[in-house]
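Coordinate inspection notes
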Amino acid sequence: MRLDREGGPVLVDGPVEVVTEDGATHFSHRPTVALCTCRKSARYPWCDTSHRAHAPRKPDAPDRTEEDPR
């Protein structure tokens, strides 16, 4: 198991069986899976990168404009 980065998913070598707090069991047979740690994922317990939209902006990151909608 390894952390991707602060606020991001935990990467786990598969296959994986995850039992969530509500008792549901989730399976993945992929070689590596990303487990959500922020609970914002629509696919919880799997990470769907929703944490990126909620991450604080870096101070040196340029502001986005309507002409530059990345």
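Heads up: these notes are all about the structure in this document.

What counts and what doesn't
Residues numbered from 1 in each chain as written. Predicted model: local features only at pLDDT ≥ 70, side-chain atom pairs only at ≥ 80, totals over all residues. Heavy atoms only, no water. Core = buried A, V, L, I, M, F, W, Y, C linked by side-chain atoms within 4.5 Å. Buried < 20%, exposed > 50% of the residue type's maximum accessible area, 1.4 Å probe, protein only. Helix = DSSP H or I, 4+ residues; strand = E, 2+ residues; numbered from the N terminus. Contact = heavy atoms within 4.5 Å. Pairing = 2+ DSSP bridges.

By size, the foremost hydrophobic cluster in this structure holds seven residues: Val10, Val12, Val16, Val18, Val33, Leu35 and Trp46. Looking at this core, the elements that each hand over two or more residues are strand S2 (10-13), strand S3 (16-19) and strand S5 (32-35). Leave out the neighbours within four places in its chain, and valine 16 touches His26, Phe27, Ser28 and Val33.

Before going further, it helps to spend a moment on the pairing of S5. Going residue by residue along S5, you find Val33 and Leu35 tucked away on one face and Thr32 and Ala34 left uncovered on the opposite face. Sheet topology note: the S2/S5 ladder contains four bridges and is antiparallel. Residue pairing across strands places aspartate 13 opposite threonine 32, the latter belonging to S5.

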